[in-house]
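Here is what each chain is made of, one letter per residue.
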Amino acid sequence: MRGDKARNLSMRISYQYRLKPNKEQQKIIDKTLDMLRCQYNYQLAQRFDWYEQNRCSIDRCPLVCHLPELKEQPTKYNQEKSLVVLKKERPWYKNIHSQVLQEVPRRVEIAFDRWLKGDCNGKKSGRPRFKGIGQYKTFTYKQFKQHNFIGNSLKKFAIGGNPQAATFRKITLSKIGDVKVIVHRPIPDGFVINTVSVTKKANGYYVTLSLGNKEVPTIKPDFNADNIVGIDVGLIDFYVASDNTRIAAPKHLRKAERKLKSAQRRVSRRNIGSKRRKKAIKKLGIKHKKVADTRKDFHFKTAKQLLSKYDAIAVEKLNVKGLARTRLAKSVHDAGWSQFINILSFKAVNAGLKVIAVNPNGTSQNCSSCGHTVKKSLSQRMHNCPVCHTSLCRDLNAAINIRNRGTHDLHKQAQSMSSQRSH
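### Focus on the packing of aromatic side chains
Across all of its chains, the model carries 10 aromatic pairs by this definition. Through successive ring pairs, a cluster of aromatic residues spans Phe48, Tyr51, Phe112, Trp115 and Phe130. The ring of Tyr40 carries Lys131 above its face, with NZ or CZ at 5.2 Å from the centroid. Above the face of the Tyr15 ring, Arg185 is positioned so that its terminal group lies 3.6 Å from the ring centre.

Printed below as a string of structure tokens:
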């Protein structure tokens with residue numbers, strides 16, 4: 001990597017803390033979210049109106065034709081300019097910070113463009129939907145001053161000399177005031193706060209700090225390319241490693257299904273619009289959040305366990321979205337492979353280690369000893385090679401193939417980097 005490119009890179013992480021707003025601050029946050037929801041729906045409707053007025057189903061025309069005058073397309077910039085008029089016509093929108101309001105046109109543009117143009121990979125999303133009451137849950141301050149995190153010296157967080165203890169601090173949110181926040185872990189040295197997002201969840205309010213550091217993480221000095229392991233993720237075992245270690249799938253959703261079913265029935269029995277129904281919905285949301293948090297905690301602990309033993313980890317580049325459309329969808333979502341791989345990759349970058357994604361084609365069918373292709377159905381759990389007479393677990397055979405491909409890709413990357421340095 002050249003020096004001029006390295007200077008432009010930076011490292012970003014996000015820390016989320018629990019907010020403890022008082023009743024008045026809760027009302028302000030709820031009202032802000034509802035007003036932003038109305039503005040989001042209004043600006044999305046503007047885009048839909050423009051699309052319907054300018055679209056044409058005719059793909060050919062005669063030599064002489066009269067085209068209608070096209071309407072001006074709503075963009076992020078002219079919708080941001082309309083916010084000035086909005087505050088004059090509806091003065092109550094002055095109670096929302098200008099940067100928070102400017103985030104709405106950006107979200108509308110992202111949702112609309114993904115529908116018509118697609119993302120960076122060309123994959124299109126579905127038609128954007130209008131948000132109902134309670135569906136707009138986050139707003140963001142794009143700029144944040146460090147001294148607004150009251151009592152935060154970025155080094156000393158806890159009271160009584162215990163750096164691990166969680167304690168109350170205050171964060172100054174414009175138009176809301178000084179809000180209590182539970183600081184359960186300190187901000188790492190060298191990181192500064194870039195943006196602040198406030199989110200309403202089923203069990204309360206949270207603040208997410210987007211932290212930036214200009215120092216780019218590098219590979220650790222004693223990195224050993226031979227200390228590599230391949231892991232094959234699955235539904236019976238969460239993963240099987242090439243060293244024959246495995247972790248059983250925890251199945252968090254399956255274990256909580258009985259309680260979720262009971263909570264969902266309680267919601268169905270309540271009258272629509274009643275306070276008892278709102279309470280039941282809140283309890284159901286808390287139960288779902290507990291399942292998601294338990295799964296995420298398992299992913300973090302599993303990733304740490306792997307990274308503490310190996311310098312490089314090879315994984316399959318799976319099409320999880322495609323697998324989630326099969327009849328195994330519930331089990332695939334319950335496993336959370338995509339979240340685990342993202343966490344593993346993120347933690348590896350921070351530790352100066354590597355996660356290598358390899359081609360998954362044939363990892364289960366090819367023999368890890370001789371390379372002979374042995375066709376077998378998904379129900380066949382043992383790999384028996386007729387050529388070299390290797391007999392081992394199907395998942396272990398796949399993990400060894402993944403490690404071999406990862407080793408090949410890692411050495412190939414090292415050779416390309418050394419050739420670039422020589423030139």
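Next, the rest of the story.
### Quick word on the nonpolar core
Judged by nonpolar contacts, the single largest core of 43 residues is most densely connected at Phe139, Ile171 and Leu209. In terms of nonpolar packing, the next biggest core, distinct from the first, is built from 25 residues, Tyr239, Leu306, Val332 and Ala348 among them.

### Examining the sheet that holds strand S8 (residues 228-233)
In sheet architecture, strand pairing relies on hydrogen bonds along the backbone and comes in two forms, parallel and antiparallel. Reading across from one edge, S10-S9-S8-S11-S12 is the order of the 5 strands in this open sheet, with mixed pairing throughout. Of all the strands in the sheet, the pair left with one neighbour each is strand S10 (246-248) and strand S12 (354-358). Across the sheet, the mean angle separating the axes of adjacent strands is 20 degrees when strand polarity is ignored. Bridge analysis of strand S11 (residues 312-316) against S12 gives 5 bridges, and the strand direction is parallel. Note that in S12 the partner of Val315 across the bridge is Ala357. Packing of helix H6 (residues 275-307) onto the sheet brings it into contact with S8, strand S9 (237-241), S10 and S11, and relative to S9 it is tilted by some 5 degrees. Against the sheet, helix H9 (residues 337-351) engages S8, S9, S11 and S12, with an angle of about 140 degrees to S12.

### Examining the pairing of S11
Summarising burial for S11: 5 of the 5 residues are buried, a large majority. Because side chains alternate across S11, one face comprises the buried residues Ala312, Ala314 and Glu316, and the other comprises Ile313 and Val315, equally buried. Relative to S11, S8 runs parallel, the two being bridged by 3 bridges. In the strand pairing of S11, Gly230 is matched with Ala314.

### Observations regarding the packing of helix H2 (residues 23-54) against helix H3 (residues 76-89)
Running from N to C, H2 and H3 cross one another at 130 degrees; their axes reach a closest spacing of 12 Å. One finds that H2 runs oblique with respect to H3. Relative to H3, the crossing made by H2 is right-handed. Seen from H2, the contacting residues are Gln39, Gln43, Gln46 and Arg47; seen from H3, they are Lys76, Gln79, Ser82, Leu83 and Leu86. Its residues assigned to classes, the contact of H2 with H3 comprises 2 nonpolar, 5 polar and 2 charged.

Reading the values: rules and limits
Residues numbered from 1 in each chain as written. Predicted model: local features only at pLDDT ≥ 70, side-chain atom pairs only at ≥ 80, totals over all residues. Heavy atoms only, no water. Phe/Tyr/Trp six-rings, centres within 6.5 Å; stacked < 30°, edge-to-face > 60°. Lys NZ or Arg CZ within 6 Å of the ring centre and 35° of its normal. Core = buried A, V, L, I, M, F, W, Y, C linked by side-chain atoms within 4.5 Å. Buried < 20%, exposed > 50% of the residue type's maximum accessible area, 1.4 Å probe, protein only. Pairing = 2+ DSSP bridges. Helix = DSSP H or I, 4+ residues; strand = E, 2+ residues; numbered from the N terminus. Axes fitted to C-alpha atoms, helices over the stretch in contact; angles between N-to-C directions. Contact = heavy atoms within 4.5 Å. Parallel < 35°, antiparallel > 145°, perpendicular 65-115°, else oblique. Left-handed = near helix turned anticlockwise from the far one by under 90°. Nonpolar A, V, L, I, M, F, W, Y, C, P; charged D, E, K, R; others polar.

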